[in-house]
Amino acid sequence: MSESDVIDQLNFFEKKVLKALNELKSASPEQVREKSGLGQLVEVMNASSWLQAKGLVRIDERISKSYSLRREDAATKPLPEKVALDVIINGHKGRCSLADLKNSGKLKGEEVQIAIGWIKKKGWGELSKSGQDTIVAVTDKGRKALHEKGEDEHLLERLAKGELAETDAKKDVLDMLRQRKDLLNERHTTNRTITLTEAGAAVAARDLRIKEEVAQLTPELIQSGRWRDVEVRRYDVKAFAPTVYGGRRHPMSILIDKVRNVFLTMGFTEVSGDYVESAFWNMDVLFTAQDHPAREMHDTFYVENPAKIDLSQYMALVEAVKQVHENGGRTGSLGWRYKWRLDEAERALLRTHTTVNTARYIYEHPQTPFKVFAVDRVFRNEAMDSTHLPEFTQIEGIVCEKGANFDMLCGVLKEFYRRMGIPETRIRPGYFPYTEPSLEVEILWDGKWMELGGAGVFRPEVTEPLGVKEPVLAWGLGLERLAMLIYGLDDVRDIYESDVDWLKKAPQL
Ligand code: PHE
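The notes below deal with the structure included here. All values derive from a computational prediction rather than experimental measurement.

**Some remarks on the sheet that holds strand E14 (residues 391-400)**
If you trace the seven strands from one edge of the open sheet to the other, you get E10-E13-E14-E18-E17-E16-E15, paired in mixed fashion. Edge positions in the sheet fall to strand E10 (269-270) and strand E15 (425-429), since each of these pairs with one other strand and no more. When strand E16 (residues 435-445) meets strand E17 (residues 448-458), the two strands line up antiparallel, connected through nine bridges. By the bridge assignment, Glu 440 is partnered in E17 with Gly 454. Strand contacts of helix H17 (residues 355-364): strand E13 (370-379), E14, E17 and strand E18 (472-478), with the helix running at about 145 degrees to E13, the strand carrying the most contacts. Running over the sheet, helix H18 (residues 406-419) touches E14, E15, E16, E17 and E18 and is turned about 35 degrees from E18.

So, in structure tokens, the structure goes:
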């Protein structure tokens, strides 16, 4: 094809871009837009894609990374190795054991290991073995470091002021921060450069005969005869168009609706309950002994106001539950055999599972058969990481009918996940104080089996006081972990980060 033929086949936008590139040679889409006088970036990009297909330009993409702090306090909170340094120098004259460090109470759990790792790496201390324990002795470098800010700390301060491009930081210092868990957010941006090829340069240098383009012939154009001078834009059904993102529901609301739909079509009724509950409903009714570790402060959020919830309206049930805990009551069980206390049962807490909703339902509707479910928020006092949140959502359910059994429970769960689009589930033996037998459901995620929740057949110690005679199948499943699988996330925190890009693009299900 001759250059003249090539020019004939160029549209208005392509010509404008070529003309601009004739001067710029190589430029970003923004620069081309400015130079060409085109109104929108998509016009530049669209034309450039066509020009690239015709061999007249080359579009190069380069990803650049930038970083910001995941948590605001990351720059003000001292680094664990600094805290440890202070303990060793000021508390132990420069030399102490790992046990001393732990006992100082200044470092939590894994922070001691992290601190020691960095002290070694930064040459602030030397480690030696002494019997079972390890001794750290601070070096001169360590003593100096106590009163000086390190390069990593300076970088943290810089990051506290706002996002930083990877190229604006020293690589080794940035790497030090990147190695730390949960400290930095990484954002990727794509930078494009449009460059004339040799063929493109030859065409661009010629007279491109750019004519004004119109999208529509108007009476004015016809009457004035100006139609002779303009080019009528060709209709191009393959033209690139920007995606329009309208308002939409949050992916989690969409997922919850889907769960709801699955249970409703399986014949279940939905129930719900309150966030604040008594320990009685959350635990005692579920035959969880009052000294069970799950009832401790480090697992459960107790409420200060109200600190107690009056149980006098449930006196008969309270008495039956007390008997079951102390001696098994009328169930034939021996119970847990300890002195049950009303004040412990009255403590107010944020419900730790939605099993409290279904237990209350049984008490209020003991007539069988019934099938109910709940999708609701629960709270646990635990550290956040890529698969744990202190606030999450459970998919709870019960089936109560004559002849209901463990096989049926496995069947219902498998069917639920199948209808959610997850064919591969695995069932393992489990333990809960309130069910026997008990199971755990797992799904294959990222090559590993991930626990999704628990289930089982309620023990007579639970059903007898609640007044139900038939077997009750029960389960409580994690919604967020299911969401990770369905939306392909590798960090559960991403669900609630409100990343607009993800919110726009998450599949509609
Ligand atoms: N409540 C349990 C949990 O939160 C799950 C469960 C519900 C187990 C019902 C058995 C029966 O992990």
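Moving on, there is more to tell.
**What to know about the layout of surface pockets**
Estimates place the volume of the largest pocket at around 1,200 Å³. Arg 71, Lys 77, Glu 111, Lys 181 and Asp 182 are, among the 30 residues lining the largest pocket, the residues nearest its centre. For the lining of the largest pocket, the elements supplying multiple residues, two or more each, are helix H5 (80-92) and helix H7 (111-121). Ranked by residue count, the leading element in the lining of the largest pocket is H7, at three residues. Taken together, the residues that form the lining of the largest pocket break down as 14 nonpolar, two polar and 14 charged.

**What about the packing of helix H3 (residues 29-36) against helix H4 (residues 41-53)?**
Put simply, H3 and H4 touch, their axes get as near as 9 Å, and they point 105 degrees apart. Overall, the two elements H3 and H4 adopt an arrangement that is roughly perpendicular. In this structure, H3 contributes Pro 29, Glu 30, Val 32 and Arg 33 to the contact, and H4 contributes Leu 41, Val 44 and Met 45. A class-by-class count of the residues in the contact of H3 with H4 yields five nonpolar, no polar and two charged.

**Some thoughts on the sheet that holds strand E3 (residues 95-97)**
Taken together, the three strands give an open sheet; going across it, the order is E3-E5-E4, and neighbouring strands pair in antiparallel fashion. This sheet does not close on itself; its edge strands, each paired only once, are E3 and strand E4 (125-130). Each strand of the sheet is rotated relative to its neighbour by a mean of 25 degrees, with strand direction disregarded. Contacting E4 and strand E5 (133-138), H7 crosses the sheet at an angle of about 120 degrees to E4.

**Re unusual backbone geometry**
Cis peptide bonds are those with omega within 30 degrees of zero, and the linkage from Thr 368 to Pro 369 qualifies with -5 degrees. Tracing the backbone shows Pro 369 in the loop between H17 and E13. Backbone torsion omega between Glu 436 and Pro 437 reads -5 degrees, so that peptide bond is classified as cis. Tracing the sequence through the fold places Pro 437 in strand E16. Although it is not a glycine, Lys 93 sits at a positive phi angle of roughly 55 degrees. Looking at the secondary structure, you find Lys 93 in the loop between H5 and E3. For Lys 93, a relative accessible area of 77% translates into the label exposed. The backbone of Asp 182 sits at a positive phi, close to 60 degrees, despite the residue not being glycine. With respect to the element layout, Asp 182 can be found in the loop between helix H10 (171-178) and strand E7 (184-196). Asp 182 sits in the partly exposed class, given a relative accessible area of 25%.

**Thoughts on the nonpolar core**
Phe 416 and Trp 475 are the most contacted members of the largest nonpolar core, which totals 45 residues. For Phe 416, the residues in contact, after removing those within four places along its chain, are Val 259, Val 262, Phe 263, Met 266, Ile 395, Leu 477 and Leu 482. Membership of the second largest hydrophobic core comes to 31 residues, among which are Cys 400, Phe 458, Val 468 and Val 472.

**A few points about the packing of helix H2 (residues 12-24) against H3**
The angle between the axes and the distance between the axes are what describe a pair of packed helices. The geometry of H2 relative to H3 is characterised by a closest axis approach of 9 Å and an angle of 105 degrees between their N-to-C directions. Compared by their axis directions, H2 and H3 come out roughly perpendicular. Counted together, Lys 16, Val 17, Ala 20, Leu 21, Glu 23 and Leu 24 of H2 and Gln 31, Val 32, Lys 35 and Ser 36 of H3 form the full contact between these two elements. Looking at the contact of H2 with H3 residue by residue, the classes come out as five nonpolar, two polar and three charged.

**Remarks on the packing of aromatic side chains**
Within the structure shown, the criterion is met by 18 aromatic pairs. Taking the centre distance of 5.1 Å and the plane angle of 70 degrees together, the rings of Tyr 275 and Phe 379 count as edge-to-face. You can see Tyr 275 sitting in the loop between E10 and strand E11 (276-278) and its partner Phe 379 sitting in strand E13, a full 104 residues away along the chain. The class of Phe 379 is buried, set by a relative accessible area of 8%. Plain terms: the ring middles of Tyr 314 and Tyr 363 are 5.8 Å apart, the flat faces sit at 75 degrees to each other, and that makes the pair edge-to-face. With Tyr 314 in the loop between helix H14 (279-284) and helix H15 (315-327) and Tyr 363 in helix H17, this pair connects stretches of sequence that are 49 residues apart. The structure contains a cluster of three or more aromatic residues connected by ring pairs, namely Phe 263, Phe 268, Phe 373, Phe 416, Tyr 417 and Trp 475. Note that Lys 121 overlies the ring of Trp 118, its terminal NZ or CZ placed 4.2 Å from the centroid. If you follow Arg 360 out to its NZ or CZ, it ends over the ring of Trp 281, 4.7 Å from the centre.

**As for H17**
Counting buried positions over the ten residues of H17 gives eight, a clear majority of the element. Along H17, the residues classified as buried are Thr 355, Val 356, Asn 357, Thr 358, Ala 359, Arg 360, Tyr 361 and Ile 362.

**Comments concerning the environment of Ser 26**
Along the polypeptide, Ser 26 turns up in strand E1 (residues 26-27). For the pair formed by Ser 26 and Ile 59, sequence separation is 33 residues and the distance between their alpha carbons is 9.5 Å. Among all residues touching Ser 26, those that are not within four sequence positions of it are Leu 21, Thr 193, Ile 194 and Thr 195.

How each quantity is defined
Residues numbered from 1 in each chain as written. Predicted model: local features only at pLDDT ≥ 70, side-chain atom pairs only at ≥ 80, totals over all residues. Heavy atoms only, no water. Pairing = 2+ DSSP bridges. Helix = DSSP H or I, 4+ residues; strand = E, 2+ residues; numbered from the N terminus. Contact = heavy atoms within 4.5 Å. Axes fitted to C-alpha atoms, helices over the stretch in contact; angles between N-to-C directions. 1 Å grid on protein atoms, 1.4 Å probe; cavity = no way out; pocket = protein on both sides within 12 Å on 5 of 7 lines; lining within 4 Å. Points joined across faces, edges and corners; volume = space filled by probe spheres on them. Nonpolar A, V, L, I, M, F, W, Y, C, P; charged D, E, K, R; others polar. Parallel < 35°, antiparallel > 145°, perpendicular 65-115°, else oblique. Buried < 20%, exposed > 50% of the residue type's maximum accessible area, 1.4 Å probe, protein only. Core = buried A, V, L, I, M, F, W, Y, C linked by side-chain atoms within 4.5 Å. Phe/Tyr/Trp six-rings, centres within 6.5 Å; stacked < 30°, edge-to-face > 60°. Lys NZ or Arg CZ within 6 Å of the ring centre and 35° of its normal.

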